Each structure stands twice: as C-alpha cells, then as structure tokens.
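# Coordinate inspection notes
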Amino acid sequence: MTHLFFDSGDLEATEAFLSSAYTPMQIHGRPSDTRARISRTAAGGLSVDRLSFGYTMGYDAGCLGKVCLVTMHSGSIVDTTGGREEVYGPGETFLLAPHDRPYEGQVRAARYTITMFDPGLLNRVASLPGDKDVRITGARPVGPAENRRLGAAVAYLRDHVLDETAACADDGGLLVSTAVQHLAATVLGTLPNTARADRPAPPDTRDAHSDTLRRALSFIEANAHRDITLADIAASVPVTPRAVQYAFTRHAGTTPLGHLRRVRLARAHAELRSAEPSGTTSVAAVAGRWGFAHQGRFAAAYRQAYGVAPSVTLRTVGTR
C-alpha cells in the first residue's frame, strides 16, 4: 500500500503534481485562493484520492489510461470535452472521461473523491465471448438508484477496504482485488456500456441533460408571472416532467417548482424595492401577485433570502 499527500498554494506545483499523479495536463485560471489538497491511498491496482480545491480551476488533460470515477461531495465539476457542458454536483458519482481519450473542463471550488482502476478489469468481469472490449458509453449512471449503488461501492472501498488492508498485511491483497472486482461489476451494472443487455438508458434519464435545464430555466424566467405547472415547464422543452425533475436535481440541486418559487420571490423583492414607501403598495398585494398566498410563509422565505422582513424593504428608501 502506498500513500501520497499534496498540500500547496502554488499553481505551478499543483499542475506538476496533477500531471504526475494522473496524466499530463495544463491548469488555468486566476484564482485568489490557490490552495489545493490531495491525498492518495493505493493498493493492488486501485487508487482512491481525496481532493479539495478552494477555487475554480480549468484543466486540459491527456488520456488517463484508467477507469476514473468521481464522487462529488461539494462544489461542482464541469466537463467541456468536445464542446459540451455537463455539470456534476454533490451526490453524483460519474465517469470523468473514457480511459483512452483526452478531456477538459473546470473544477469549481469542489471536494470530491477519485477512484481509479485498470479498464481491463471490466473485460474480465463481463466475460464477453471473443476478444471484444467493454466500453463505457455514458458518464452518468442510468438512474438515481444506480447512482446511489455506484456511490456506495466507492465509499465502501474508500472508507473500509483500504483501512482494513492497512491493518491486515497477510491477506490484504485478496481483500482489495475482491473489492475492486465488485466495483467493476457495479460499474457495468450502473453505467451505460456495451456489455449491458439494456444498453439504452431510460428516456427520462437520457433527457435530463444540461440543455433540458437551460430550456426549462428560460421558460420559467419568461413565464414566472403566469400560473404555470411542472407539466407546462416540461412541455416547453419538450421532455417528460420526470426528465425535468432529474435535470434540476442533477445540474441545479433543486426542483423545478423550487426554482420557480425563488424566481417569484426575487420578482417580489424587486417590486418592493421599487415601490414608493408612502404609496399604496402593500406587502400582501405584492406577495399575492407573485403567487404567495400564505403571508407568514412569504415573510419567512423573504427574511431567509434577504435578511429582513418584506415590510422593511418596502419602507426603506435606501434600498432604491
């Protein structure tokens, strides 16, 4: 078992370490906080890394040569390989990039775990006839349950297997190899790949990409003043309501109707700020105009978002 640890605020040193530990890469950006912390535990062809970046770091990287799974704990990673823009956030476990292709993107003030192993293990676990290689064909698990399964398999390796291996030198190799085989089997059971009998992902999850989110956000912004429903939002894309819900969960960390409420709260805030304190505008009228029927809940949500009661905003000339 080997251990590595890196802790530095020097961007050049960070680039050199990342290039050595993963694949040759160039990092870019002008962060004010340049601290990066990386720790690695490796044994039996498996490596598990804990990474923390307190800033936004862009990267252009070569081929990894490994199956590389990322589990997000906070912040986000944006994959911009090939001109796309896929955003991954807390709670997601995904394939960072195909093992034989370069990749690029951004790490945005994130904490995450990277787990890597030999892609040849997928072939051994799949036991396909002939010499066909298994390829992973999608970065995300095919559904929420599969995402939880994959994340749990990574967490078991990280939090239990490697710790037990360090304390058990005699049969630790078998412990690791068995656990990595289980992880490879879990990858084949959760990520889209050429060995899956049900290769196409369910339509709802296939449609839950960042473009769906973008279209839904535009519709909400343009129609927040109307009595719109989840079905209306989905029809504007057009995808199923469940696909819209998946897209918001994956890319925005909220729900479509939760975002709609935030937009309406912001519109109510803007109206209260622009109203004349001595005029006829009332908090109740503004709240009702933006769909908040319960005054107490509106006041609580407003105070949480803006730090004051809505009546204070209405009375305060200094907010104009």
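Shown above is the structure to which this text applies.
Conventions and cut-offs
Residues numbered from 1 in each chain as written. Predicted model: local features only at pLDDT ≥ 70, side-chain atom pairs only at ≥ 80, totals over all residues. Heavy atoms only, no water. Helix = DSSP H or I, 4+ residues; strand = E, 2+ residues; numbered from the N terminus. Buried < 20%, exposed > 50% of the residue type's maximum accessible area, 1.4 Å probe, protein only. Contact = heavy atoms within 4.5 Å. Areas by Shrake-Rupley, 256 points an atom, 1.4 Å probe, with all protein chains shown as cover. Arc of directions from axis to C-beta. Expected span 1.5 Å × (residues − 1). Axes fitted to C-alpha atoms, helices over the stretch in contact; angles between N-to-C directions. Left-handed = near helix turned anticlockwise from the far one by under 90°. Nonpolar A, V, L, I, M, F, W, Y, C, P; charged D, E, K, R; others polar. Pairing = 2+ DSSP bridges. Core = buried A, V, L, I, M, F, W, Y, C linked by side-chain atoms within 4.5 Å.

## Some details on the overall build of the chain
Assigned secondary structure in the chain consists of 12 helices and nine strands. For the chain, the proportion of its 320 residues judged to be buried stands at 44%. Taking the contacts inside the chain whose residues are at least 6 apart along the sequence as the reference set, 71% of them involve residues at least 24 apart. By element, 52% of the accessible surface of the chain is carried by carbon and sulfur atoms, the whole surface being about 15900 Å².

## As for helix α1 (residues 11–21)
Among all positions in α1, only Thr14, Phe17, Leu18 and Ala21 are buried. Along the axis of α1, the buried positions cluster into a sector of 95 degrees, meaning they face one direction only. Opposite its buried face, α1 presents the exposed residues Glu12 and Ser20, each directed more than 90 degrees away. Looking at the buried side of α1, the elements it contacts are β1 (2–8), β2 (25–28), β3 (36–43), β4 (46–53), β5 (56–61) and β9 (103–117).

## Quick word on helix α9 (residues 256–274)
Between its terminal C-alpha atoms α9 stretches 27 Å, which fits the 27 Å expected from 19 residues at 1.5 Å a residue. Within α9, the full set of buried residues consists of Pro256, Gly258, His259, Leu260, Val263, Arg264, Leu265, Ala268, His269 and Leu272. In this structure, the buried residues of α9 make contact with α6 (210–223), α7 (230–235), α8 (241–252), α10 (283–289), α11 (295–306) and α12 (310–315).

## Regarding the packing of α6 against α9
In contact at an axis separation of 10 Å, α6 and α9 are set at 35 degrees when each is read in the N-to-C sense. Crossing hand, α6 versus α9: right-handed. On the side of α6, the interface is formed by Leu217, Ile220 and Glu221, while α9 contributes Pro256, His259, Leu260, Val263 and Arg267. In terms of residue class, the contact of α6 with α9 is built from five nonpolar, one polar and two charged.

## Regarding the pairing of β4
With six of eight residues buried, β4 lies mostly within the body of the structure. Hairpin connection of β3 to β4: two residues between the antiparallel strands, including Gly44 at a positive phi of 55 degrees. Relative to β9, β4 runs antiparallel, the two sharing six bridges. Pairing of Val48 across the sheet is with Thr115, part of β9.

## Observations regarding the nonpolar core
One recurring pattern in soluble globular proteins is that nonpolar side chains are buried together. By size, the foremost hydrophobic cluster in this structure holds 30 residues, and its most contacted members are Tyr22, Phe53, Tyr59 and Tyr112. The set of elements that each furnish at least two residues to this core consists of α1, β2, β3, β4, β5, β6 (67–79) and β9. Excluding anything up to four places from it in sequence, Tyr112 contacts Asp49, Arg50, Leu51, Phe53, Val70, Thr71, Met72, His73, Ile77 and Val107. One finds Leu157, Val161, Ala179 and Val187 within the second-largest nonpolar core, a separate group that totals 25 residues.

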